[in-house]
Amino acid sequence: MSTVQEVSSAPVVAAVPKKAMSLGPLASLVLLALLAITPFFVKNFIIFQMTMVLIYAIAVLALNILTGASGQFSLGQSAFYALGAYTSAILIEHVGMNYALTLPFAAIVCFIAGFLFGLPALRLSGIYLALATFALAVAMPQLLKLGVFEHWTGGVQGLVVTKPDAPEIFASMGLKVSQDMWLYFFTLVVAIIIYIVSVNLLKSRSGRAMMSIRDNEIAASAMGVDVALYKTLAFGVSAGITGIAGGLGAIAVQFVAPDGYTIQLAIALFLGMVVGGVGWLPGSLAGALFIVFVPNIAEHVSKGLSGAVFGVILIFIIFLLPNGARQLAFGAQSLFSKLRGS
Amino acid sequence: MELFTNQVLAGIATGAIYACMALAVVMIYQAIDHLNFAQGEMAMFSTFIAWQLMQWGVPYWVAFVLVLILSFAGGVIIERALFKPLAKAPVLTHVAGFIALFAIVNSVAGLTWDFTIKQFPTPFGSAPFLGSQLISTHQAGMIGVTLVLLLLLFVFFRYTRVGLAMRAAAVMPESARLVGINTSWMIALGWGMAAAIGSIAGMLIAPVVFLEPNMMGGVLIYGFAAAVVGGLSSPLGAVIGGFLVGVFENLVGTYIPGVGNELKLPIALALIITVLVVKPHGLFGRTIVKRV
Amino acid sequence: MTAMLHVKDLRAYYGQVQALHGLEFDLKEGSLTTLLGANGAGKTTTLRAICNMVRSTGSIEFEGKKLDNKSTESIVRLGIAHVPQGRGTFTTMTVEENLQLGAISRKDTKAIDGDIERMYDHFPVLKQRHTQQAGTLSGGEQQMLAVARALMLRPRLMLLDEPSFGLAPLVVRDLFKILGKINREDKVSILVVEQNAQLALELADKAYVIETGRIVMSGTAEEIANNEDVRKSYLGY
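No experiment lies behind these values; they were computed from the predicted model shown.

Cut-offs and rules
- Residues numbered from 1 in each chain as written.
- Chains lettered and ligands numbered in written order.
- Predicted model: local features only at pLDDT ≥ 70, side-chain atom pairs only at ≥ 80, totals over all residues.
- Helix = DSSP H or I, 4+ residues; strand = E, 2+ residues; numbered from the N terminus.
- Expected span 1.5 Å × (residues − 1).
- Buried ≥ 20, exposed ≤ 12 C-beta atoms within 10 Å, placed from the backbone.
- Pairing = 2+ DSSP bridges.
- Axes fitted to C-alpha atoms, helices over the stretch in contact; angles between N-to-C directions.
- Contact = placed C-beta atoms within 7 Å.
- Nonpolar A, V, L, I, M, F, W, Y, C, P; charged D, E, K, R; others polar.

Q: Is there a simple way to explain helix α12 (residues 227-253) of chain A in this structure?
A: Note that an α-helix has 3.6 residues per turn; residues three or four places apart therefore point the same way. Residues and elements named next belong to chain A. For α12, which comprises 27 residues, the first-to-last C-alpha distance of 38 Å matches the rise-based estimate of 39 Å (1.5 Å per residue) to within 8%. Among the 27 residues of α12, 22 are classified as buried, and the element is accordingly described as predominantly covered. Where α12 terminates, the next one or two residues include Q254, which has phi positive at roughly 65°.

Quick look at the structure:
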């Protein structure tokens with residue numbers, strides 16, 4: 001465990017200042033290069049953890065789109081994550097579909113589920129919406145255990161998912177690419193695509209419509225924004241992206257089971273968003289680092305009190321940075337430009 | 001028909017647990033406009049303290065009163081130390097604070113008293129109540145305590161100056177300051193009272209669900225459900241909501257085929273959502289008209 | 001004789017925006033003073049600064065005590081009752097509870113019931129409606145309630161922010177009559193901010209004119225009422 005900590009704590013520290021500049025193209029490239037090079041220098045288990053960071057980053061980003069852009073708030077993301085994971089797992093294991101092709105299906109299934117859930121949720125806001133989504137997250141594992149679906153879902157036992165090998169083209173070129181390495185780069189490409197699409201979505205007409213709802217719902221509707229449509233759409237899009245993350249998660253972990261997707265996952269994703277900075281898409285990566293590594297660090301500090309250590313770390317973060325990593329990033333950026341100016 | 005009556009009775013018995021928890025939830029929601037996700041854990045911790053006192057030989061009712069006082073103080077201290085500094089932080093940061101509190105309390109309790117389940121005594125005994133097999137004297141006592149608590153709260157908020165000041169601070173903080181109310185301390189007081197009420201809930205629930213660090217997980221969700229069904233602003237609504245959720249849960253379990261124990265929870269939650277969609281402010285909540 | 005309220009070099013800020021630029025004025029014990037000015041001149045801000053409800057610098061002294069760095073509620077407890085714009089009524093509570101709240105910081109709890117009866121004498125309409133939710137009262141009735149609630153503090157000084165706002169002219173006359181009576185009979189000093197300059201000047205003994213966060217004119221109400229500029233800008237004749 002200790003070796004993992006030594007190596008893994010490095011990106012936690014290093015990644016943030018890089019991200020401060022990721023607003024600019026140069027910084028994005030540096031961060032990207034870092035993400036692309038690191039796996040060649042670390043052990044397979046760390047590559048796996050980095051893959052999980054990317055997957056959670058996608059899920060946190062999805063929540064950011066919902067909360068940051070349309071002002072709605074969900075504690076039920078784990079339900080959509082689970083739905084995506086099961087969609088991928090069932091398609092791979094029962095239908096024999098290629099793992100990469102299952103991801104669009106996971107996205108579509110979750111988009112529809114999110115859209116449908118968004119319809120009644122429209123009437124709710126704030127704490128009430130949080131409760132409704134919370135209910136969804138709590139109910140999901142129970143629903144997955146239902147006997148009716150057992151043939152497909154494997155019931156309480158869950159399903160084992162085969163880990164994909166790297167395409168043979170690498171082997172024929174004489175490169176030896178491990179499964180973990182391949183999956184990492186596959187996830188990285190998916191994450192980059194989703195990030196670019198999301199950034200553009202928020203810049204688009206629809207994105208501005210969503211943000212106008214966040215800022216003032218009544219004014220937005222007065223300006224002719226179809227509030228109902230965009231709110232449900234935001235729910236759908238967010239759920240769809242979460243579904244992709246879920247699908248990737250199933251492939252990476254090679255296993256889906258109802259108890260892997262409890263409310264704790266939803267809470268973790270929520271904390272990831274707060275720690276990264278609500279509504280700031282690059283913050284999703286910082287949030288994902290928090291999700292993957294802070295519980296480990298907490299456990300490392302004290303096994304018996306890991307929950308308490310986790311809580312204390314969390315309190316420290318919210319006291320020092322109530323607006324999350326974004327605050328840190330913007331602070332670093334202004335410091336940087338001051339230094340350059342002088 | 002007899003089955004129906006019995007199930008309703010049993011539902012009321014479990015409903016008393018939820019009603020108790022819902023009261024605590026509403027108390028704190030009134031004071032700070034947030035749902036405290038760590039409420040259940042705080043109640044569990046109080047219950048452990050009561051258990052510890054009794055292990056040391058303190059009689060039940062003495063321990064009960066001591067725990068009430070300690071919980072009240074604990075609630076005030078948590079507010080002063082943790083949440084007062086966050087008063088101006090974004091809402092979501094607040095929620096993160098509750099989650100942190102949850103993790104800390106749960107973990108400390110687990111380390112101190114470990115995760116094996118413990119018996120917790122009841123002062124009411126556990127004989128059948130009035131000859132009914134479905135409701136025990138403990139459950140009857142629990143319903144009684146809940147109703148007394150509700151009455152006390154009603155009197156406190158309606159007829160005392162502090163109660164009046166707390167209500168004023170909750171609904172219109174700025175106006176409250178302008179009549180000289182220290183709203184910040186009213187919030188702390190709300191935390192203290194919620195913690196104390198939560199500790200009563202914990203001590204009443206523990207004999208039924210057994211004492212262990214995770215005992216409140218499910219109960220709190222039902223407590224939230226009850227509070228929401230009743231409309232978060234009304235203590236009376238919370239108690240009625242608690243009984244409704246308890247009865248509903250039991251009837252669904254009995255009459256709808258295929259609903260085993262594990263589906264009870266999702267169905268109770270579906271009830272919350274249905275109520276919220278039909279009546280966004282709950283059955284007994286006040287509607288707040290928002291001005292543009 | 002020294003002033004009851006002494007304001008010196010008062011500057012107030014909303015975020016980056018400065019709303020008051022070194023305001024200075026005095027209020028004599030027992031007087032009824034009015035602050036006149038157009039929209040956005042800083043009248044409301046001045047009252048809010050006295051109760052420390054807006055970020056400000058400078059010095060404010062009340063009966064020799066410095067008010068800076070005191071919290072709103074402790075300033076109120078010194079005997080300054082503030083009737084804010086929009087009246088600050090506790091709309092979900094009954095009329096009687098609103099009056100009780102006015103006296104919530106008082107120590108002499110025994111005298112409160114008697115004071116409530118006195119308020120019902122001043123404002124008979126409140127007695128008729130004493131169990132009604134305050135939010136259901138008409139605008140004029142709510143303003144009466146706000147003044148009555150402020151008086152329940154047994155204040156030494158009452159700050160009134162646009163009491164005539166949104167009220168029918170007849171109701172305003174009644175209200176001002178009562179304010180005059182309170183000032184004379186109950187010895188409550190009053191600082192009233194008004195856009196209805198004519199009415200305010202009829203009632204007041206001292207007046208200040210405030211423009212873009214500064215006092216530009218001061219004098220007895222009579223002097224101000226006869227001033228050419230004031231007549232043109234505020235009285236309209």
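Q: What is the right way to read the sheet that holds strand β9 (residues 206-211) of chain C from this model?
A: Across a sheet, paired strands are connected by hydrogen bonds in the backbone, their directions being either parallel or antiparallel. All names here are of chain C. The strand order across the open sheet built from six strands is β6-β7-β8-β3-β9-β10, with neighbouring strands paired in mixed fashion. The open sheet has two edge strands, β6 (80-83) and β10 (214-220), and neither has a second partner. Sheet twist, expressed as the mean angle between neighbouring strand axes with direction ignored, is 15°. Sheet topology places strand β3 (residues 32-36) next to β9; four bridges connect them, and they run parallel.

Q: Even after reading the chapter, I still don't get the arrangement of the chains, so can you show me in this structure?
A: Ranking the two pairs of chains in contact by contact count places chains A and B at the top. Regarding chain A and chain C, the two do not touch, and the least distance separating their C-alpha atoms is 19 Å.

Q: Help me out: how do you make sense of unusual backbone geometry in this one?
A: Across the chain, the bulk of peptide bonds are trans and the bulk of non-glycine residues have phi less than zero. Residue and element names in this part refer to chain C. A positive phi is found at E63, a non-glycine position, where the angle reads about 50°. Here E63 lies in the loop between β4 (55-62) and β5 (65-66). Although it is not a glycine, R154 sits at a positive phi angle of roughly 50°. Tracing the chain through its elements places R154 in the loop between α6 (139-151) and β7 (157-161).

Q: Can you walk me through the pairing of β3 of chain C in this structure?
A: It is a general feature of regular strands that their side chains alternate between the two faces of the sheet. Residue and element names in this part refer to chain C. Taking burial as the measure, the five residues of β3 include five buried ones, the bulk of the element. Here β3 shows two buried faces, one formed by L32, T34 and L36 and the other by T33 and L35. By the bridge criterion, five bridges tie β3 to strand β8 (residues 189-194) in an arrangement that is parallel. Paired with T34 across the two strands is V192, which belongs to β8.

Q: I keep staring at the interface of chain C and chain B and nothing clicks. Help me out?
A: In many analyses, interface size is given as the accessible surface area lost on bringing the parts together. Of the residues lining the interface, 16 residues belong to chain C; the matching set on chain B comes to 14 residues. Looking at the side of chain C that touches chain B, the elements that each hand over two or more residues are α2 (72-77) and α3 (95-102) of chain C. Tallied by class, residues from the side of chain C that touches chain B come to six nonpolar, seven polar and three charged.

Q: What exactly am I supposed to notice about the pairing of β9 of chain C here?
A: Residues and elements named next belong to chain C. The element β9 is largely enclosed, with a buried count of five among its six residues. The sheet contact formed by β9 and β10 spans six bridges and is antiparallel. Residue pairing across strands places K206 opposite T220, the latter belonging to β10. Once β9 ends, the chain turns through two residues before running back antiparallel as β10, passing T212 with a positive phi of about 35°.

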